[in-house]
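# Working through the structure, step by step
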Amino acid sequence: MTNLEPFEKIIFVTRPVFPTLEEVTEKLQDIWNSKWLTNNGPQHTMLERELTESLKVPYLSLFNNGTIALMVACQSLRLSGEVITTPFTFAATPHVLSWNNITPIFCDVDKETMNIDADKIESMITPHTTAILAVHVFGTPCDVEKIQDVADRYGLRVVYDAAHAFGVEINGRGIGNFGDISMFSFHATKLYHTVEGGALVHGDKNLKRRIDLLKNFGIKNEEEVVMPGINGKLNEICAAIGRIMLGYVEDERQKRIRLHKIYNEELADVDGIKLMPNCAADVKLNYQYCVIRIDEKIFGRSRDYVYGAFKNFNVYTRKYFHPLCSDYTCYRQLNSSRVENLPVANVIGQQVLSLPMYGELTEDDVRKICAILKSFRR
Ligand SMILES: *Cc1c(COP(=O)(O)O)cnc(C)c1O
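Residues numbered from 1 in each chain as written. Predicted model: local features only at pLDDT ≥ 70, side-chain atom pairs only at ≥ 80, totals over all residues. Heavy atoms only, no water.

### Section: the overall build of the chain
Summing up its helical and strand segments, the chain has 13 helices and 13 strands in all. If you line up the chain on its principal axes, its C-alpha atoms span 70 × 55 × 40 Å. The buried share among the 378 residues of the chain stands at 55%. For the chain, long-range pairs separated by at least 24 residues make up 71% of all intrachain contacts whose partners lie at least 6 apart in sequence. Total accessible area on the chain is roughly 17200 Å²; 50% of this is exposed by carbon and sulfur atoms. Taking the 43 positively charged and 47 negatively charged side chains of the chain as two groups, their mean positions are separated by 2 Å. (Helix = DSSP H or I, 4+ residues; strand = E, 2+ residues; numbered from the N terminus. Buried < 20%, exposed > 50% of the residue type's maximum accessible area, 1.4 Å probe, protein only. Contact = heavy atoms within 4.5 Å. Areas by Shrake-Rupley, 256 points an atom, 1.4 Å probe, with all protein chains shown as cover. Lys, Arg positive; Asp, Glu negative; His and termini not counted. Charge placed at Lys NZ, Arg CZ, Asp CG, Glu CD.)

Structure (C-alpha cells):
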C-alpha cells in the first residue's frame, strides 16, 4: 500500500446495518393490517420468542432501549446502597445506578480483558454493597466464575451489562446465562439492532413477571397498579425491524471477522500496537468492535496523536472508553474514583482507540487504515 492519500469520504468508526426497504415495507404492511403499534403486539411477542432462542437464554423481556432495561434490572432486584462496577464503560452503566439512588463504586479493571478485575472486587465490598454490575467490554466475557464466587460468598446480586455481547458464548452457553440478569442493547450502532431497543435476560419466571410489570408502569390489569413502573416498552415497528435484523446478524459478524483478520495481519507485528480482544479458545466472540491499544513509549506516538492524525486522512476513530466514568464531573469526587484506586483503568483509558469496523468496509479500506496507522510510527 503506497497510496497514502486521505480517504475521499469520511470513514466513520461504525455504520448501522440497514435491512432492505422492501423487507421493511412488507413488515410495515403486516403492522398496518394488525392495527397494533405498541403494547405487547404480535411483532413484540414473536421477537421475544426469537431472541430467547437466538441468545440461548431461559427468559427475555424486550425494552425500548438498553439503559431503561438496566434501570429496570436494578429495580427488579431491589438494589440499593452501593454497587461495584467498572469505570471502563459507556456512561449509561454508572448513570443507571445513580438514577436508582445507588452509589457506583469503581473497581479497577484487568489489564488484558479490560473488564472488571474479579480479584479486586472483594476489597471494594462494604456493608452497603448489594450487587456487582459488570460489563462484558467490547464483547469479551468477564471472569463470570470468579465474579459469581465473590457474589455468593457475600450474598450479592450480579448484573451484567452485555450491551456489547450479542451472540457471545462461553463453551456454547449464551453469555446471558451468567449472573442474575444481563442487559443487551439493540441500539443502531450495535452488531444487532432494533433501531433503538434492548432486553433483559435471566433464568427466573417470577422475575420475568416483575420485570414485565415494571416496564409497563406496574399495571397488572385494568383495576390494579402494583408497583411504580416506567415506560420501557418496545414498539411494533422497532420489533419488526428487529425480526428482520435477526436474518442479518450472522452475515455481519462473518464480515467483521474477515476484517478483524486483516487488521490482525497488518498490525500483529507493529511494536507498540496491541489488537484486542485476546480471548480464550472456548469463547465465541462477536467482533463488534476493533479496538487497539497504543503504547506511546514503544510506538513513539500517543493515542491522542493517532486519533488526531487519523482525522487528516478522513478516518474518524473513537476513544472508547475515554474519559473513564470515574473522571466524569458527576463521579470524580467519589472515593473509588481516585487514580490510586484505578491504576490499570487509567493507563488503558489513555491507550485505547476504536478503529473503523462495519461490514460494508472493504478489505482494501482496512489495509489502507493500517498503512496510515503505521505511517504515524516514530
Ligand atoms: C450502548 C450501551 C449501553 C446503552 O444502551 P442503549 O440501548 O443505547 O440505551 C449501555 N452500556 C454499554 C456498555 C453500551 O455500549
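Let's pick the thread back up.
### Regarding the pairing of strand β2 (residues 82–85)
On β2, burial covers both faces: Glu82 and Ile84 on one face and Val83 and Thr85 on the other are all buried. Here β2 pairs with strand β3 (residues 103–106) via four bridges, running parallel. Residue pairing across strands places threonine 85 opposite phenylalanine 106, the latter belonging to β3. Judged from the four bridges that link them, β2 and strand β4 (residues 129–135) form a sheet pairing that is parallel. (Pairing = 2+ DSSP bridges.)

### Some points on the packing of aromatic side chains
For the structure on display, the rule yields 15 aromatic pairs. On the basis of an interplanar angle of 85 degrees and a centroid distance of 5.0 Å, the ring pair of phenylalanine 186 and tyrosine 192 is categorised as edge-to-face. You'll find phenylalanine 186 and tyrosine 192 in the same group, each marked buried. Here the aromatic rings of phenylalanine 313 and phenylalanine 376 are separated by 6.0 Å at their centres, their planes lie at 55 degrees, and the arrangement is tilted. You can see phenylalanine 313 sitting in the loop between α11 (303–312) and α12 (343–351) and its partner phenylalanine 376 sitting in the segment after α13 (363–375), a full 63 residues away along the chain. This pair shows no difference in class: phenylalanine 313 is buried, exactly as phenylalanine 376 is. An aromatic cluster of at least three residues, connected via ring pairs, comprises Phe88, Phe138, Tyr289, Tyr320 and Phe321. Taking NZ or CZ as reference, arginine 301 lies 4.0 Å from the ring centre of tyrosine 305, over its face. (Phe/Tyr/Trp six-rings, centres within 6.5 Å; stacked < 30°, edge-to-face > 60°. Lys NZ or Arg CZ within 6 Å of the ring centre and 35° of its normal.)

### Digging into the site of the ligand
Taken together, the neighbourhood of the ligand is formed by 15 residues, with Thr67, Asp161, His164, Ser185 and Lys190 sitting nearest. One of the side-chain N or O atoms of threonine 67 is found 2.5 Å from an oxygen atom in the ligand. One of the side-chain N or O atoms of serine 185 is found 2.7 Å from an oxygen atom in the ligand. Across the complex, the protein chains shield 92% of the 380 Å² of accessible surface that the ligand would expose by itself. (Near = heavy atom within 4 Å. Polar contact = N/O pair within 3.5 Å; in protein donor to acceptor, adjacent residues only side chain to side chain.)

### Points about the packing of helix α3 (residues 66–76) against helix α4 (residues 92–99)
Where α3 contacts α4, the axes come no closer than 9 Å and their chain directions differ by 45 degrees. In terms of orientation, α3 and α4 fall into the oblique class. Both α3 and α4 take part in a crossing whose hand is right-handed. Between α3, through Thr67, Leu70, Met71 and Cys74, and α4, the contact on the second element is made entirely by Ala92, Thr93, Val96, Leu97 and Trp99. Of the residues assigned to the contact of α3 with α4, the class counts are seven nonpolar, two polar and no charged. (Axes fitted to C-alpha atoms, helices over the stretch in contact; angles between N-to-C directions. Parallel < 35°, antiparallel > 145°, perpendicular 65-115°, else oblique. Left-handed = near helix turned anticlockwise from the far one by under 90°. Nonpolar A, V, L, I, M, F, W, Y, C, P; charged D, E, K, R; others polar.)

### Points about α12
Along α12, the positions that sit buried rather than exposed are Ala345, Asn346, Ile348, Gly349 and Gln351. Where α12 is buried, its residues touch β12 (290–294), α11 and β13 (352–355).

### Digging into the pairing of β4
The side chains of a regular strand alternate, residue by residue, between the two faces of the sheet. Burial of β4 is extensive: six of the seven residues sit out of reach of the surface. The parallel pair β4 and strand β5 (residues 157–161) is bridged by helix α6 (residues 144–154), and the resulting crossover is right-handed. (Right-handed = clockwise from strand over helix to strand, strands pointing away.)

### A short note on the environment of aspartate 119
Structurally, aspartate 119 can be placed in helix α5 (residues 118–121). Assessed through its relative accessible area of 56%, aspartate 119 is described here as exposed. There is a polar contact of 3.2 Å between the side chain of aspartate 119 and the side chain of lysine 146.

Remember, this is a structural readout, not a statement about activity or role.
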